[in-house]
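Tertiary structure, described
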Amino acid sequence: MGSAKLTILCGHYGCGKTNLALDLALEAAGQGRQVIVADLDLVNPYFRSSDYRELLEANGIKVVAPVYAGTTLDLPAIAPQLTALPDADCDEVIFDVGGDDAGACVLGCLAGGIRQRAYTMLYVVNAYRALTQTPQEAAAICREIETACRLRATAVVNNSHLQQETTSGTVLRAAPFGIETARLLSLPLLYHTAPEEIAGELEGKLTPVRPVKVRVRPPWSGN
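From a predicted model like this one, the values you see are computed outputs, not experimental measurements.

Quick word on the packing of helix α6 (residues 135-149) against helix α7 (residues 168-185)
α7 packs onto α6 with a crossing angle of 45 degrees between their chain directions and a minimal axis gap of 9 Å. Classified by the angle between their axes, α6 and α7 sit oblique to one another. The interaxial crossing formed by α6 with α7 has right-handed handedness. Mapping the contact onto sequence places Pro-135, Gln-136, Ala-138, Ala-139, Cys-142 and Arg-143 in α6 and Phe-177, Glu-180, Thr-181, Leu-184 and Leu-185 in α7.

Observations regarding the pattern of salt bridges
The tally for this structure, following the rule as stated, stands at 10 salt bridges. For Arg-183, the salt bridge identified is with Glu-180, shortest N-O distance 2.7 Å. Here the residue Arg-183 and the residue Glu-180 both occupy positions in helix α7, the gap between them amounting to 3 residues, near one helical turn. Glu-180 sits in the partly exposed class, given a relative accessible area of 24%. The salt bridge involving Glu-196 is made with Lys-213; its shortest N-O contact spans 3.7 Å. Of this pair, Glu-196 sits in the loop between β7 (189-195) and β8 (209-212) while Lys-213 sits in the segment after β8; the two residues are 17 residues apart in sequence, bridging distant segments of the chain. Taking relative accessible area as the criterion, Glu-196 reaches 42% and is therefore assigned partly exposed. Judged by relative accessible area, Lys-213 falls into the partly exposed class, the value being 38%. Each of the salt bridges in this network shares a partner with another, and the network as a whole consists of Asp-23, Glu-27, Arg-210 and Arg-215.

Quick look at the pairing of β8
Going residue by residue along β8, you find Arg-210 and Val-212 tucked away on one face and Val-209 and Pro-211 left uncovered on the opposite face. Of the pairings in the sheet, the one linking β7 to β8 comprises 4 bridges and is parallel in character. Bridge pairing links His-192 to Val-209 in β8.

A look at the sheet that holds strand β4 (residues 92-96)
Reading across from one edge, β3-β2-β4-β1-β5-β6-β7-β8 is the order of the 8 strands in this open sheet, with parallel pairing throughout. The outermost strands of the open sheet, each flanked by one partner alone, are β3 (62-64) and β8. When the angles between neighbouring strand axes are averaged without regard to direction, this sheet yields 25 degrees. Its contacts with the sheet put α6 on β1 (5-11) and β5 (119-125), and the angle it makes with β5 is roughly 145 degrees.

Some remarks on the nonpolar core
Of all hydrophobic cores here, the largest spans 39 residues; its most connected members are Leu-40, Val-93, Phe-95 and Tyr-123. Every element with two or more residues in this core is listed here: β1, β2 (35-39), β4, α4 (100-108), α5 (111-115), β5, α6 and α7. For this core, the leading source of residues is α6, giving 6 residues. Apart from the residues lying within four places of it in its own chain, the contact partners of Tyr-123 are Cys-10, Gly-11, Ala-138, Ile-141, Cys-142, Ile-145, Ala-153, Ala-155, Val-156, Val-157, Thr-181 and Leu-185.

Basis of the calculations
Residues numbered from 1 in each chain as written. Predicted model: local features only at pLDDT ≥ 70, side-chain atom pairs only at ≥ 80, totals over all residues. Heavy atoms only, no water. Axes fitted to C-alpha atoms, helices over the stretch in contact; angles between N-to-C directions. Helix = DSSP H or I, 4+ residues; strand = E, 2+ residues; numbered from the N terminus. Parallel < 35°, antiparallel > 145°, perpendicular 65-115°, else oblique. Left-handed = near helix turned anticlockwise from the far one by under 90°. Contact = heavy atoms within 4.5 Å. Salt bridge = Lys/Arg side-chain N within 4 Å of Asp/Glu carboxyl O. Buried < 20%, exposed > 50% of the residue type's maximum accessible area, 1.4 Å probe, protein only. Pairing = 2+ DSSP bridges. Core = buried A, V, L, I, M, F, W, Y, C linked by side-chain atoms within 4.5 Å.

In structure tokens form, the structure reads like this:
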């Protein structure tokens, strides 16, 4: 059995979990760790970590993805390599899970192996996304995801943002939302995220803050 650290990122569609998955993977690789990124999204043709395969592999990160990732075909095809991931022989496996309970069903196929190991499951929230604009809505979706994947979240990450329009004020206004969501779920709030170019503006105003590099942008943004 492998001894890899298992980190799972789940959440509502568009909450930013894929960008965070890339950030965590590249940080770990930069520390000399052997990393695998598992793209478990069989639902959404956009915002998939496997779309960034070139960037990840250039940094020594292995990418394991559904058979049809990178296309607009959404078929229930799970790559054989995915089922072996809980026992992977590496330092860390980062799972980028599809949105909501529908996307989390794929993770449920791996739940038996994951439950036999210690794992971290981060519930990523964004106060500015439809259907999760109150802590109560966000907490309810978390419970739906947990039921679908048969695993329990271990911490909340407040990743509230407005894409390229995000400011320090955007992050500060959403801080109470992240804190209350974590309270309702009886989970620790691991950190608030902020784009790296504005993270310094939050010093002394909000803690803990994790600066992130924004790499994932919608295809219609023109960037």
